[in-house]
Amino acid sequence: MTALRIATLFPLATVAAGDEANAAALVRRAAARGLTTTTATVHRPGAMAPAEVYLLGGTGRSGTGALVAALWAVDLPARVAAGAVVLAVDAGLDALARSWVDPAGREQAGLGLLGVQVGPGPRITDTVATRAAGELPAMVGWVAHDVTTRRDPGVLALCQVERGQAHGPLEDDGVLAERIIATRLHGPVLALNPELADLVLARAVPGLPPAPVPPEAARARAQRLDEVRAAPQSRRRRR
Amino acid sequence: MDRVRVRPRAAAALAAGRAAGRLSQALGRGSGSIIGGRIALRAAPSALAELAAGRRTVLVTGTNGKSTTTALVAAALEAAGPVACNRTGANMPDGILTALAADRTSRLAAIEVDEVYLREAVAATAPEALVVLNAYREYTRGISLAATLEHWRAVAERLDERCTVVLNVDDPLVCWAFEAAPRRVGVAGGLSWRDDAALCPACGEAHAWDGTAWHCPGCGRTRPAPDWWVAPGAGSDGWAVHHPGGALSGSVGVPGRTGPVGAAFALAAVGALGVPAQGAGTRVGAVQDVDGRYRPFEVGGRIARLLMLKNPAGWAEAIAAAREANVPVVLAVDRFGPKDTTTMWEAPFSQLAGGTVPVTGARAADAGAVLEAAGVPSAEHADARAALRACPPGEVLVLCNYPAFRRLSRTLAVAP
Ligand SMILES: [Zn+2]
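What counts as what
- Residues numbered from 1 in each chain as written.
- Chains lettered and ligands numbered in written order.
- Predicted model: local features only at pLDDT ≥ 70, side-chain atom pairs only at ≥ 80, totals over all residues.
- Heavy atoms only, no water.
- Pairing = 2+ DSSP bridges.
- Helix = DSSP H or I, 4+ residues; strand = E, 2+ residues; numbered from the N terminus.
- Donors = N, O, S within 2.8 Å, 3.2 Å for Na, K, Ca; no water.
- Phe/Tyr/Trp six-rings, centres within 6.5 Å; stacked < 30°, edge-to-face > 60°.
- Buried < 20%, exposed > 50% of the residue type's maximum accessible area, 1.4 Å probe, protein only.
- Domains from an automatic or database assignment.
- Contact = heavy atoms within 4.5 Å.
- Buried area = accessible area lost by both parts, 1.4 Å probe.
- Salt bridge = Lys/Arg side-chain N within 4 Å of Asp/Glu carboxyl O.
- Polar contact = N/O pair within 3.5 Å; in protein donor to acceptor, adjacent residues only side chain to side chain.
- pLDDT = per-residue confidence, 0-100.
- Nonpolar A, V, L, I, M, F, W, Y, C, P; charged D, E, K, R; others polar.

### Looking at the sheet that holds strand E3 (residues 53-56) of chain A
All names here are of chain A. In space, the 6 strands of this open sheet follow the order E2-E1-E3-E4-E12-E11, with mixed pairing throughout. Sheet topology places strand E2 (37-42) and strand E11 (175-176) at the edges, where each strand pairs with a single neighbour. Looking at chain direction, strand E4 (residues 85-89) and strand E12 (residues 180-183) are connected through 4 bridges and run parallel. Looking at the pairing, Leu87 lines up with Ile181 of E12.

In structure tokens, the structure reads:
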């Protein structure tokens, strides 16, 4: 059996938010089904590692331009068209959008893989609780950004937001497309929410059997969900 | 000894700041040091420069290890006289101002400075030595490492030629940022986390590593030979700091490699000021405690030392220190905003496999999840004393996030 290849793309291009740990979370969920995996971290287009699953992440606007350029250099759109699956977190979502906003507030072109326009917004740092729907339970993560995210008509959100600020004043988060799953949630989001890792895996390897969520991860998530639900609705944390 | 004199406007600003600091203390808002300093700086922006004038100053910056190294620099400098120092770790301009305002007589200063405020601190204090420890990505403020390196590069280009930069030759990012510094002294300071330094900041190629040596195949930049380095010395925890003039050996109360490496930085820095290494070395070796950081706490035959960790590099270094010394660890993690445990997930906790790790604190559930993901079983304890009693008697390293460190520094200091 060939191993499922997972590649984290250009993590040093963007401001760190812990998203590099999403690769290990995918590996654990694959291993729970007896799937073997290989992982790679790609820092330069010249050292591209072909993979079935690509992971993007990071926060802030300052690195998105470099990330977009690097993703064009490895022709990510062609790789997605050929069947690759992408998880895009925050700055990764910006890079895949039709447009994003640079540090000076100017609109810039993204890869256009998502029917999304990103614009300037209020600065938000908060813990987010999402609503259970479909294969996803209530999830938890944190957001830190100063943008708004507008989906084109017909583009599906990944999930609804119960508490916290995901896209600013909006009440949903991310994008669920055929080959791309995008979210504003850090955490690392796949470590705190193994079912989202399962959703990413299922896009690459259809027909995966269910696997139990480790009780430790379930407990850590339940604690944060309880806290954010107990907090006053209007409270915004500024960390 | 003469007090450092300030002009009337700065004196009035300092008085206003002191009053505000007392008010802030009275209101129970922290130590008051930051608020007082902030008000004084707003009233007279030149106050910091006036308070620093006439002192021989060593600045210490970097992402990790600033407070410890600054304390060791202060100890080393004391061989030459009394030293002003921001020992509480208040390392932004307002905190530095407060520390200098509290000690107007010392003619020497050892100052820790937040990496983001280096330009202001250098301009105000005109340091004779600037210690640069490392450059890791930071997770709390959303400031990119690239922006910090560009800032440092601009500082280096304008440094006075009398200032010696004491830099970590094992960190290629630090080396690049301070290429233009007129005087450079190299310390083999180690790099506990290489992921952030994967790419050459000059040309974008990936660095090639051979042990601690690094090389850029793109532009040919390479690790400078160190002037100061650490090697094992006599005794189980002995160390020897080697330098052009010979070697100094001893032991440090600071655990792990942090102690001897910090000593090497400190001795190199005070060497740049002409303080003899021998006397300084004795004082550095005697440091047992840095603002409560390494003070051992005794709990039922366990000797606990706390480590405060804020990024993957810090966690990785602490895990390595525990493994090298074969000392058991306790994880103590408290609640601290949305990102409070994010940086733990990338750290190599799988290196702790082999036993059950006691965890404690309001975020013990997260610590348990991080350990489970790394294949390490954990056991949650209601408090730190119970967690320590779960370890065999002897030395224990307590790996803490920031709020757990602050809490345990207080609660373990008093008898139960
Ligand atoms: Zn290069």
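### A short note on the coordination of the zinc ion
Residue and element names in this part refer to chain B. Note on the zinc ion: its protein donors are Cys200 (SG), Cys203 (SG), Cys216 (SG) and Cys219 (SG). The metal-donor distances range over 2.2 to 2.3 Å. Motif for the zinc ion, donor spacing along one chain: C-x2-C-x12-C-x2-C. One end of the pair, Cys200, is in the loop between strand E6 (183-187) and strand E7 (208-210); the other, Cys219, is in the loop between strand E8 (213-215) and strand E9 (229-232), with 19 residues separating them in the sequence.

### Some points on the packing of aromatic side chains
Residue and element names in this part refer to chain B. Under the criterion given, the structure shown has 3 aromatic pairs over all chains. Considering the side-chain rings of Trp152 and Phe178, the 5.8 Å spacing of their centres and the 45° angle between planes classify their relative orientation as tilted. Separated by 26 residues along the polypeptide, Trp152 in helix H7 (residues 145-157) and Phe178 in the loop between helix H8 (172-177) and E6 bring together distant segments of the chain. Trp152 gets classed as buried once you look at its relative accessible area, which sits at 0%.

### Considerations on the domain arrangement of chain B
All names here are of chain B. The domains assigned to chain B are domain 1 (44-285) and domain 2 (297-411). In this complex, domain 1 contributes 14 residues to the contact, which on the side of domain 2 involves 16 residues. In total, about 1,200 Å² of surface goes out of reach between domain 1 and domain 2, with carbon and sulfur atoms giving 56% of it. In this assembly, domain 1 and domain 2 are joined by 0 salt bridges. Along the contact surface separating domain 1 from domain 2 lie 6 residue pairs in polar contact (both at pLDDT 80 or more).

### Quick word on the confidence of the model for chain B
Residues and elements named next belong to chain B. Looking at chain B as a whole, its pLDDT mean stands at 90, while 93% of the residues score no less than 70. Counting contacts from residues 26-30, a segment whose pLDDT is below 50, to residues more than four positions away or on other chains yields 3 contacts. Interface predicted TM-score (ipTM) for the complex: 0.95; the corresponding pTM is 0.91.

### A short note on the interface of chain A and chain B
Taken together, the 33 residues of chain A in the interface contact 33 residues of chain B. Taking both partners together, chain A and chain B bury about 2,800 Å²; carbon and sulfur atoms supply 58% of that area. Where chain A packs against chain B, one counts 7 salt bridges. On the surface where chain A and chain B come into contact, there are 13 residue pairs in polar contact (both at pLDDT 80 or more). The greatest single-element share of the side of chain A that touches chain B, amounting to 7 residues, is contributed by helix H7 (residues 215-230) of chain A. In terms of residue class, the side of chain A that touches chain B is built from 14 nonpolar, 8 polar and 11 charged.

### What about the pattern of salt bridges?
Counted according to the given criterion, the structure contains 32 salt bridges over all chains. Here B:Glu395 ties to B:Arg305 by a salt bridge, and the two come within 3.5 Å at their closest N and O atoms. Here B:Glu395, found in strand E17 (residues 394-400), pairs with B:Arg305, found in strand E13 (residues 302-308); they are 90 residues apart in sequence, far enough to count as distant. What makes B:Arg305 buried here is its relative accessible area of 13%. A cluster of three or more residues bridged by salt bridges with shared partners is formed by A:Arg224, A:Glu227, B:Arg335, B:Asp340, B:Arg363 and B:Asp366.

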